[in-house]
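Analysis of the macromolecular model
For reference, the chains in residue letters:
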Amino acid sequence: MAQTKEAMTTGALTQLCRLEDVDEDMPFRAEIDGFAYAVFKVGDMFYVTADLCSHGPGSLSEGFVEDCQVECPFHQGKFDLRTGMPTEPPCEIPIKTWTPIVRDGAIFIDVASPNPV
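Residues numbered from 1 in each chain as written. Predicted model: local features only at pLDDT ≥ 70, side-chain atom pairs only at ≥ 80, totals over all residues. Heavy atoms only, no water.

**Notes on the nonpolar core**
Generally speaking, a soluble globular protein has its nonpolar side chains buried in company with each other. Going by this rule: As used here, the term nonpolar core means buried Ala, Val, Leu, Ile, Met, Phe, Trp, Tyr and Cys residues forming a set that is joined through side-chain atoms within 4.5 Å. Using a 1.4 Å probe on the protein chains alone, a residue whose accessible area is under 20% of its type maximum counts as buried, one over 50% counts as exposed, and one in between counts as partly exposed. To qualify as a helix, a DSSP run of H or I must reach at least 4 residues; to qualify as a strand, a run of E must reach at least 2; elements of each kind are numbered from the N terminus.
Among the nonpolar cores identified, the biggest contains 14 residues, and Leu 16, Val 22, Tyr 37, Val 39, Val 48 and Ile 107 are the most heavily contacted of them. Within the residue set of this core, elements represented by two or more residues are strand E3 (13-18), strand E4 (28-32), strand E5 (35-42), strand E6 (45-50) and strand E13 (106-109). In terms of nonpolar packing, the next biggest core, distinct from the first, is built from 12 residues, Phe 40, Cys 53, Leu 60 and Cys 72 among them.

Okay, here's the thing in structure tokens:
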């Protein structure tokens, strides 16, 4: 199960977690103003998506990650972590993604600037 903690805002960037909070076997869930983000690590890369599946009540930070895709634990649909695009049914609506910024041993995002879909 993913860890959860409240995020910390610094200027335009919001810290989601420390690098050691997330690894390939343990995604991280951060909540900011009632919105949940999922932080994933695949190899040396980090990815940030909305935690809530666009198809149902599944928490993606509790999903299975393989080949840069996360499988929703609720209905087994999949999303590409890089783009948020659905890759397996029943998912049809993309999820939001953000570009993670690694700085000072932590992962940050600009909450107001999700990546275009």
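**Brief notes about the pattern of salt bridges**
Put simply, the test is: The working definition used for a salt bridge is a side-chain nitrogen of Lys or Arg within 4 Å of a carboxyl oxygen of Asp or Glu.
Tallying each qualifying case throughout the model produces 4 salt bridges. Two residues, Arg 18 and Glu 20, come together in a salt bridge whose shortest N-O distance is 3.8 Å. Of the residues examined, Arg 18 reaches a relative accessible area of 30% and is grouped as partly exposed. Owing to a relative accessible area of 61%, Glu 20 belongs among the exposed residues under this scheme. Asp 51 serves as the salt-bridge partner of Arg 29, at 3.0 Å between the closest nitrogen and oxygen. Separated by 22 residues along the polypeptide, Arg 29 in strand E4 and Asp 51 in the loop between E6 and strand E7 (64-66) bring together distant segments of the chain. On the basis of relative accessible area, Asp 51 is assigned to the buried category, the value being 2%. Overlapping salt bridges bring together Arg 29, Glu 31 and Asp 51 as one network.

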